[in-house]
Amino acid sequence: MFIESIIKLLADSGFAALTWQSVVMIAVSCVLIYLAIVKKFEPLLLLPIAFGVLLANMPLADLMAAPPSASEAGGLLYYLYFGVKKGIYPSLIFLGIGAMTDFGPLIARPSSLFMGAGAQLGISIAFIIAGVLGFTPAEASSIGIIGGADGPTAIYLTSRLAPHLLAPIAIAAYSYMALIPLIQPPIMRALTTKKEREIKMEQLREVSKLEKVCFPICVTIFCVLLLPSVAPLLGMLMLGNLFKESGVVDRLSDTAQNAMVNIVTIFLGLTVGATAAGEQFLKPETLKIIALGLTAFAFSTVGGLLIGKLMCVLSGGKVNPLIGSAGVSAVPMAARVSQVEGQKANPSNFLLMHAMGPNVAGVIGSAVAAGILLSLFG
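The model shown is predicted, which means the values in this text are computed figures rather than measured ones.

Brief notes about the overall build of the chain
Thought 1: Looking only at helices and strands, the chain has 22 helices and zero strands in total.
Thought 2: Computed over the C-alpha atoms, the radius of gyration of the chain is 22 Å, within 12% of the 21 Å expected from 2.2 N^0.38 for a compact globule of 378 residues.
Thought 3: Viewed in the frame of its principal axes, the chain has a C-alpha envelope of about 85 × 45 × 40 Å.
Thought 4: Relative to its full complement of 378 residues, the chain shows a buried share of 52%.
Thought 5: Looking at the chain alone, contacts between residues at least 24 apart form 77% of all its contacts between residues at least 6 apart.
Thought 6: When the accessible surface of the chain is summed, it comes to about 17,000 Å², and 71% of that surface belongs to carbon and sulfur atoms.
Thought 7: Charged side chains of the chain number 23 positive and 19 negative; the gap between the two group centres comes to 9 Å.

A few points about the packing of helix α7 (residues 88-100) against helix α18 (residues 250-273)
In a packed pair of helices, the relevant descriptors are the angle between the two axes and the axis-to-axis distance.
Thought 1: Two numbers describe how α7 lies on α18: the axes approach to 8 Å, and their chain directions differ by 145°. Helix-helix and strand crossings are classified by hand; for α7 and α18 the assignment is left-handed. Seen from α7, the contacting residues are Y89, P90, L92, I93, L95, G96, A99 and M100; seen from α18, they are S253, A256, Q257, M260, V261, V264, T265, F267, L268 and T271.
Thought 2: By residue class, the composition of the contact of α7 with α18 is 13 nonpolar, five polar and no charged.

Examining the packing of α7 against helix α17 (residues 231-246)
Thought 1: Axis separation between α7 and α17 bottoms out at 6 Å; the angle between their running directions is 35°. Considering the relative orientation of α7 and α17, their crossing is right-handed. Residues P90, S91, F94, L95, I97, G98, A99 and M100 of α7 pack against P232, L233, M236, L237, L239, G240, N241, F243 and K244 of α17.
Thought 2: Its residues placed into classes, the contact of α7 with α17 shows twelve nonpolar, four polar and one charged.

Let's talk about the packing of aromatic side chains
Thought 1: Per the counting criterion, the structure on display carries six aromatic pairs.
Thought 2: Taken together, a centroid distance of 5.1 Å and an interplanar angle of 80° make the contact between Y78 and Y79 edge-to-face.
Thought 3: Take Y79: its relative accessible area is 40%, and that puts it in the partly exposed class.
Thought 4: Taking 6.2 Å as the distance between ring centres and 40° as the angle between the ring planes, the aromatic pair formed by Y89 and F267 counts as tilted. Here Y89, found in helix α7, pairs with F267, found in helix α18; they are 178 residues apart in sequence, far enough to count as distant.

Description of the nonpolar core
Thought 1: Ranked by size, the top nonpolar core spans 99 residues in total, and within it F103, L234 and L268 carry the most contacts.
Thought 2: With sequence-adjacent residues up to four places away left out, L268 is seen in contact with L45, V84, Y89, P90, I93, I155 and Y174.
Thought 3: Counting five residues, the second largest nonpolar core, distinct from the first, contains L32, A36, L46 and A50.

Description of helix α14 (residues 180-191)
Thought 1: The end-to-end C-alpha distance of α14 is 16 Å, a good match for the 16 Å that twelve residues give at a rise of 1.5 Å each.
Thought 2: What α14 keeps buried is the set I180, I183, Q184, P185, I187 and M188.
Thought 3: Against the buried residues of α14 lie α13 (166-178), α15 (194-197), α20 (284-314) and α21 (333-345).

Observations concerning the pattern of salt bridges
Thought 1: This structure, assessed with the given rule, holds seven salt bridges.
Thought 2: Here E341 ties to R189 by a salt bridge, and the two come within 3.0 Å at their closest N and O atoms. One end of the pair, E341, is in helix α21; the other, R189, is in helix α14, and 152 residues separate them in sequence.
Thought 3: Given a relative accessible area of 4%, E341 falls into the buried group.
Thought 4: A salt bridge links K244 to E245, with the nearest nitrogen and oxygen atoms 3.1 Å apart.

So, α18
Thought 1: Helix length check: α18 (24 residues) gives 33 Å between terminal C-alpha atoms against 34 Å at 1.5 Å per residue, within 8%.
Thought 2: The sharpest bend along α18 comes to roughly 45°, located at A256.
Thought 3: Taken together, the buried positions of α18 are occupied by S253, A256, M260, V261, V264, T265, L268, G269, L270, T271, V272 and G273.

Examining unusual backbone geometry
Thought 1: Between V331 and P332 the backbone carries a cis peptide bond, its omega angle lying at -10°.
Thought 2: Mapped onto the elements of the fold, P332 is located in the loop between α20 and α21.
Thought 3: Non-glycine residue A149 carries a positive phi angle of around 55°.
Thought 4: Its location among the elements puts A149 in the loop between α11 (137-144) and α12 (151-161).

Calculation rules
The numbering scheme is per chain: residues are counted from 1 as the chain's sequence reads. Two thresholds apply to this predicted model, a pLDDT of at least 70 for residue-level local features and 80 or more for giving and counting side-chain atom pairs, whereas whole-chain, interface and lining totals are computed over all residues. Derived side-chain values reflect all non-hydrogen atoms in the structure, with water molecules and hydrogen atoms excluded from consideration. Each helix is a run of DSSP H or I of at least 4 residues and each strand a run of E of at least 2, with the numbering of both proceeding from the N terminus. The globule rule used for comparison is 2.2 Å times the number of residues to the exponent 0.38, while the radius of gyration itself is calculated over C-alpha atoms. Partly exposed residues are those whose accessible area sits between 20% and 50% of the maximum for their type, while under 20% is buried and over 50% is exposed, using a 1.4 Å probe and protein chains only. In what follows, residue pairs with any heavy atoms lying within 4.5 Å of each other are defined as contacts. Note that accessible areas follow from Shrake-Rupley with a 1.4 Å probe, and for residues the cover is restricted to the protein chains shown. Positive residues here are Lys and Arg, negative ones are Asp and Glu, while His and the chain termini are left out of the count. A charged residue contributes its charge at one atom only: NZ of Lys, CZ of Arg, CG of Asp or CD of Glu. Simply put, an axis is a line fit to the C-alpha atoms, just over the touching stretch for a helix, and the angle between two N-to-C directions goes from 0 to 180 degrees. What makes a crossing left-handed is the near helix being turned counterclockwise from the far one by less than a right angle; a clockwise turn instead makes it right-handed. Note that Gly is not counted as nonpolar here; it falls among the polar residues with everything else outside the nonpolar set of Ala, Val, Leu, Ile, Met, Phe, Trp, Tyr, Cys and Pro and the charged set of Asp, Glu, Lys and Arg. Paired rings are identified among Phe, Tyr and Trp, the last through its six-membered ring, by centres lying within 6.5 Å, and are further divided according to the angle between planes into stacked (under 30 degrees), edge-to-face (over 60) and tilted (the rest). As used in this record, nonpolar core signifies buried Ala, Val, Leu, Ile, Met, Phe, Trp, Tyr and Cys residues forming a set joined through side-chain atoms within 4.5 Å. Residue count minus one, scaled by 1.5 Å, sets the expected span of a helix. Criterion for a salt bridge: a side-chain nitrogen of Lys or Arg within 4 Å of a carboxyl oxygen of Asp or Glu. Bend at a residue means the angle formed by two fitted axes: the first through the 7 residues ending at that position, the second through the 7 residues beginning there.

Next up, the structure:
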């Protein structure tokens, strides 16, 4: 009797229902957990994403299962996933990013907008290649947005246009963001001369509080009137920044920067990872998406650098083209990479604040690019 009970228990357990896809995805989740904890690759998001992958591939757990009927309950993560499906989590993440971001360097040097725009080149390149490879325009748009190096934007657009591709696109986007210190430097050194990398830039002018308060209001009015589909992301980004710069709602600003964004990050990462069920994830399209994501990211870096080189020429050698690579919207990691490369060429070089201008311009640029793609193919 005891042996029969054990046999029945094992037959009804997840062990008996394991498939090769589940085993592979469990291994993938363990690798991602290792990268998050040991290598510290974007751990705030990679760790919950990795654990979401693990939970999604536990046989019979059904955490992402829809309710069988109106009177029965679905899986826990099925309900939490509504925040992704309806675009709530990415918009709230942007609220937190806005409250943490200083737009002063961009206001002090508005020409940084051109580098932020140039760094969206990868979106166009990946979109074209994805179309050639047989992806639909909506799918190609979702793949291309990886080039913006903005995880919440990639998730927001993909959940609208190609939700079935959400897992590979989100994992690719955050993986490449985490690998910026490895991906960008070789491209930066290949496209710039040592003399260009040694350029020391003049200190930025001081930006007044009035300018900082007016900036998010003006950007919201102009961009949302021009492109209404960008309102959820850009509107929340600018609201968060207005909380920070107004100086009259410190409690709201602190909540947006800390408690709120941390809670939303957990739900976002966990539910995005939970979409990576082995049966859907382990397909040839996934490898194509990962390769296209790297292509998009590389060309975005190239686009920013080329605009940086152009501005270097037009300014008579006063702009270090390295700051152009920070036009991808991975704040502030891309700006730090520009700083590190600049100091390698010239130890007295301090490019961080100069690079923050293109960096925050890239955040706006990727949101605008997402709005355009959503308007065209949504």
